[in-house]
Amino acid sequence: MHNLDTIVRMYFDRVPANGILTNRIPFDRFPLREFAQSAKAHMTSYSDTEIRQLYAYIQDGGQEEGHPFAGMYNRSGLNVFAALEELSEQLLTMENNKVKCIYRSLLRFREVSQSVDEDLLVCAYLAMQGCRYGKRFVDFGWNTVIGHNNVQLNRIMERGLSENHFHLYGSAPSFHLLWVHFMNHVADQGLYRFAKELEERQRTTREHYNVRYEEDSFVVRILKAALIRVQMVLSFLDRRAGVPKPPDPWMTGCLNGSLKIEAYRGKIQMLIDRIRNYALISGMGELSDYALCVVKGLQSARAEQYWFAGERWLIHEMLQQELTGDCGGNRYRILHQWFYAYLVLKQNVRCELVSVNSTVGFENFLIYSRRKGKFIHLDKMVETAVYGSVDSGNIRSLEMRISPGRSAYENAKMIRDIDSVIQRRRPSFPKSGCYYVLHFGKRADEVPGQWQDFNHRCCRHYKKRQQLRQQADAICSFREQYRRSAARVLGIDACSQEIGCRAEVFAPVFRRLSNHVVSRAAGIEEQEVGQLKMTYHVGEDFLDVADGLRAVDEAIHFLNLQCGDRIGHGTVLGIDAGKWYCQKGNTIVLPKQDYLDNVVWLYHKLSEYGISGMENLREFLREEFAFYFNDIYLSYEDGQRRGKIGNTEQDKNWAGYIDIYIYYEAWKLRGDEPELYLRGIYDHDQKHGREWLVNREYPENHVSRMRAEIAGLYYMYHYDWHVRKKGQKSLQIHVPAVYVEGVQAVQRGMRRAVATLGLGVETNPSSNFAISTMERYEEHPIVVMYNKDLTWDIKQLQDCPQINVSINTDDKGVFHTSLENEYALMACALEKAKDECGNALYNRQMICQWIDNIREMGNQQSFGERQGTEGTAG
């Protein structure tokens, strides 16, 4: 099975389309030379001899009944479509007239569909079923992520799910929408901008396994795909009219490279427009995709999936024709050769829009995410995102995350517009199940390169803080002026890349908004607007586990997160810290300022959590503090020692007073607004009327703000150019084993603290799997955070903090998933997990109970469920 998976991925994702279009790689007999060279690059555990033996085994497969590579009608497995169809039958099944994944093959299906579009596998399965049973499939409106056939798990899902981490525009099937758009609008100038973006920041690189491997630019690849597609549709129309025609010579020239296809872009668009006009004249109306003009039986296709039905029908029909040999003669063999190239070209583009590469880190995801929605009307994005989620009928609460507008009116209009799109197709869809969370974007700070460019009155993230204040003003006005719409906004969040933009930046605004109360006039019936709950993306991407844990701690204390508030992702709380450091060679690379902060924070957390037996680590941390504090705060660029610190009226020399304890007290003030310390001391007069500027809950000892050395040190952190310039310089540190042990101990303490506070953690398995260093789904930290009913082992249950966790999708369009799929992937992975002796780690029924527990906790986490806003129409 592993070999079949790899071979199909090799056929459709790892060969050059130009090799297919020049007939060097025929679809019905994949050549030995190409097979051997490609397999050598992608099947590194096989020798050359073994690869040739495998080739012969596949070649003979069609002659033996029950052979793993057997295709129908004695086709060889060297026929790329035969291998595809055989794989689809191993992974998929039909249940209640719907194609579903065989549950035991779910993880395998997930891995294969990273390289082979899920729609292609479904179409191949339907083509096989149609040939075998003589039944033609007519409903091409299935969801972009199909379900599975685990009845028990499906029944659990039917009890009701809450989606608590759902970025609205990142949840649309962007690739499917963009592909159909460009296949219909090759004359769109945006195509060149889009292709240039893919060229400049390509996320997937392929092994060029021989000197003949050649790839076109992305714009050429898209144009070639569009030309093949229009020719396939024309061939169906011609055959339907009884006058089949071979492709025009200019098409062959454009595809084999003898003609420059860019010069024929207008001609390709004319062919597309001709088919559109034909559909209009035939009474089909103005089609969103010209391929729909040849689709039969669309009445059963759901409206929100209508845009994809034409593409699916086309792929299905081409596969069915090739499978049955109904190709219209040898002269039409070239069309199926082009069809093979079309599928490869489509996968080339798909890899740049769906996160399928193996690169870890949030920046990789961010590049994918920024490509979503370009050139696509927002209505389509909203419809496909929302209905692709609620179509199963299992979703009882959907919290949609959107960015706030610049004014109260913009916020109100945005909510009304999205609501109207959602209800346009389905007026009966309950608004009470959909809510909004406004999320602010994070952005790294920049320090001017020269002193003369530095404004000593501008703190860290000065521009971002100003923007946040303006957005907060707009949100407060929105809540007071547009109450019906504001009642549907239940929370606030901050997302995007957390490295370089910490919770301290958002702290004053979060405290302000979470405490904002919209009063009701006496005797007047008005829409009640509840207080905003808080969630915050943190602990997902980090340069050191200690840094990630500190980020979680800062979010809790600086934002004043309360019971019922949530942490987004929080993977750092449960990952295997020892394994993480081992993967990095026990070497971390991060800015000096961050390392100094981590050292101080870790030192004090060892004491706060009562962790004993760490004297060697404490001594190491004290030495590191002394060295890096002196380097950043006490010396200039040329290494000369600074005479004085701070900007107070007394301007004292504090060098002898600053120790690791005072530094920690100054760190605690980072939740305060920096402008309160602009004169180097705590200026309590500036907080009049804006109580949220100062963090009243942390630190508990409010008097520490009055100490000159503590306030002065906080002033330097924000306003001293030399400190900021030296602090941003990168540092490479080889951490000792005792450091790793200390981080692991503090990590356990942090988990207990989160559980004790009653905070929820929104996990997103596929997102976390793609961004973190996890190698398998069963390694997901959710198992470390919560294991009630998953095990009988008393010690494991006692050691686990039993954090309130939920499962969510994050950006389900980018990661190609659904909420039900996320639950199933975790359940299936745990069922397959083995101990060192090869025995199953978990019991299937206990896994189901554990899944049901998490489902229920997800419902409890929902801001809508807890605020009791059901029925509050926007």
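Residues numbered from 1 in each chain as written. Predicted model: local features only at pLDDT ≥ 70, side-chain atom pairs only at ≥ 80, totals over all residues. Heavy atoms only, no water.

**Structural notes on the overall build of the protein chain**
Scanning the protein chain for helices and strands turns up 36 helices and 12 strands. Going through the 874 residues of the protein chain one by one, you find that 62% of them count as buried. Partitioning the contacts of the protein chain with sequence separation of at least 6, the portion at a separation of at least 24 is 79%. Looking at the protein chain as shown, the accessible area adds up to about 33,900 Å², and 48% of this sits on carbon and sulfur atoms. (Helix = DSSP H or I, 4+ residues; strand = E, 2+ residues; numbered from the N terminus. Buried < 20%, exposed > 50% of the residue type's maximum accessible area, 1.4 Å probe, protein only. Contact = heavy atoms within 4.5 Å. Areas by Shrake-Rupley, 256 points an atom, 1.4 Å probe, with all protein chains shown as cover.)

**Points about the pattern of salt bridges**
Considering all chains together, one arrives at 55 salt bridges under this definition. With a closest N to O distance of 2.5 Å, glutamate 89 and arginine 132 form a salt bridge. With glutamate 89 in helix H5 (residues 80-91) and arginine 132 in helix H7 (residues 118-133), this residue pair connects regions lying 43 residues apart in the sequence. Ionic pairing is found between lysine 346 and aspartate 117, a salt bridge with its closest N-O pair at 3.8 Å. Here the residue lysine 346 occupies a position in helix H15 (residues 333-350), and aspartate 117 occupies one in the loop between helix H6 (106-115) and H7, the gap between them amounting to 229 residues. (Salt bridge = Lys/Arg side-chain N within 4 Å of Asp/Glu carboxyl O.)

**Some points on the packing of aromatic side chains**
Applying the stated rule across the entire model yields 38 aromatic pairs. With a centroid separation of 6.2 Å and 85 degrees between ring planes, the pair formed by tyrosine 581 and tyrosine 739 is classed as edge-to-face. One end of the pair, tyrosine 581, is in helix H23 (residues 577-583); the other, tyrosine 739, is in helix H29 (residues 737-757), with 158 residues separating them in the sequence. For tyrosine 739, a relative accessible area of 0% gives the class buried. Ring plane angle 70 degrees and centroid distance 5.7 Å describe the contact between phenylalanine 625 and tyrosine 663, whose orientation is recorded as edge-to-face. (Phe/Tyr/Trp six-rings, centres within 6.5 Å; stacked < 30°, edge-to-face > 60°.)

**Things to note about the pairing of strand S7 (residues 533-538)**
Burial runs high along S7: 6 of the 6 residues are buried. A two-sided burial pattern is seen for S7, the buried positions comprising Lys533, Thr535 and His537 on one face and Met534, Tyr536 and Val538 on the other. Two elements, strand S6 (residues 489-495) and S7, share 2 bridges in a ladder whose sense is parallel. Note on S7: the bridge partner recorded for isoleucine 492 is methionine 534. Of the pairings in the sheet, the one linking S7 to strand S8 (residues 566-569) comprises 4 bridges and is parallel in character. Considered in S8, the bridge of histidine 537 is made with glycine 568. Tracing the backbone out of S7, into helix H22 (residues 545-559) and back to the parallel element S8 gives a crossover that is right-handed. (Pairing = 2+ DSSP bridges. Right-handed = clockwise from strand over helix to strand, strands pointing away.)

**Considering the nonpolar core**
Within the largest apolar cluster, 264 residues are counted, with the highest numbers of intra-cluster contacts made by Phe12, Phe35 and Tyr340. Contacts of tyrosine 340, omitting those with residues within four sequence positions, involve Tyr11, Phe12, Val15, Ile20, Ile25, Phe27, Phe30, Val80 and Phe81. (Core = buried A, V, L, I, M, F, W, Y, C linked by side-chain atoms within 4.5 Å.)

**A short note on unusual backbone geometry**
Residues tyrosine 698 and proline 699 are joined by a peptide bond in cis, for which omega reads 0 degrees. Position of proline 699 among the secondary structure elements: in the loop between helix H26 (660-668) and helix H27 (708-719). Backbone geometry places asparagine 23, a non-glycine residue, at a positive phi of 65 degrees. Following the sequence through the fold, asparagine 23 ends up in the loop between helix H2 (17-21) and helix H3 (32-42). A positive phi angle is found at aspartate 810, which is not glycine, with a value near 70 degrees. Aspartate 810 sits in the buried class, given a relative accessible area of 2%.

**A short note on the pairing of strand S3 (residues 161-167)**
Most of S3 sits inside the fold, with 7 of its 7 residues counted as buried. Pairing of S3 with strand S4 (residues 395-402), which is carried by 5 bridges, proceeds in the parallel orientation. Bridge pairing in S4 links glutamate 163 to leucine 398.

**Comments concerning helix H11 (residues 218-241)**
For H11, with 24 residues, the first-to-last C-alpha span of 35 Å sits near the 34 Å given by 1.5 Å per residue. Here H11 lies mainly inside the structure; 21 of its 24 residues are buried. Directly after H11, the chain includes glycine 242, whose backbone phi takes a positive value near 85 degrees. (Expected span 1.5 Å × (residues − 1).)

**Some points on the confidence of the model for the protein chain**
Scored by pLDDT, the protein chain comes out at a mean of 87, with 87% of its residues at no less than 70. Scored below 50 in pLDDT, residues 299-304 shows 15 contacts in the model against residues more than four places distant or in partner chains. Here residues 646-652 is modelled with pLDDT under 50, and outside its nearest four sequence neighbours on either side it reaches 17 contacts, counting other chains as well. (pLDDT = per-residue confidence, 0-100.)

**Considerations on the sheet that holds S6**
Spatial ordering of the open sheet is given by S3-S4-S5-S6-S7-S8-S11-S12, a layout of 8 strands whose pairing is parallel. In this open sheet, the two strands that pair with only one neighbour each are S3 and strand S12 (804-807). Averaged over all neighbouring strand pairs, the angle between strand axes comes to 25 degrees, with direction disregarded. Each of S3, S4 and S12 is contacted by helix H34 (residues 819-832), which is oriented at about 105 degrees to S3, the strand it contacts most. (Axes fitted to C-alpha atoms, helices over the stretch in contact; angles between N-to-C directions.)

**Digging into the packing of H5 against helix H14 (residues 306-324)**
In contact at an axis separation of 11 Å, H5 and H14 are set at 110 degrees when each is read in the N-to-C sense. On the basis of their axis angle, the class for H5 and H14 is roughly perpendicular. Only Leu319, Glu322 and Leu323 of H14 make contact with H5, whose side of the interface consists of Phe81, Leu84 and Glu85. (Parallel < 35°, antiparallel > 145°, perpendicular 65-115°, else oblique.)

**Observations regarding the side chain of asparagine 79**
Assignment of secondary structure puts asparagine 79 in the loop between helix H4 (48-59) and H5. The residues contacting asparagine 79, other than those within four sequence positions of it, are Phe27, Asp28 and Glu322.

**Looking at the environment of lysine 788**
As for its placement among the helices and strands, lysine 788 is situated in the loop between helix H31 (782-785) and helix H32 (794-799). When the C-alpha positions of lysine 788 and tryptophan 850 are compared, they lie 6.7 Å apart, and in sequence the two are 62 residues distant. Ignoring any residue separated from it by four or fewer positions in sequence, one finds lysine 788 in contact with Leu797, Gln802, Trp850 and Asn853. At a separation of 3.3 Å, a polar atom in the side chain of lysine 788 contacts the side chain of aspartate 789. (Polar contact = N/O pair within 3.5 Å; in protein donor to acceptor, adjacent residues only side chain to side chain.)

**Focus on helix H12 (residues 249-256)**
For H12, every residue scored as buried is listed here: Trp250, Met251, Gly253, Cys254 and Leu255. Among the structural elements, H2, H11, helix H13 (265-281) and H15 are those in contact with the buried residues of H12. Backbone geometry just downstream of H12 places glycine 257 in the positive-phi region, at approximately 95 degrees.

**Brief notes about the environment of arginine 33**
Summarising the element assignment, arginine 33 is placed in helix H3. Sequence separation between arginine 33 and arginine 52 is 19 residues; the distance between their C-alpha atoms is 9.6 Å.

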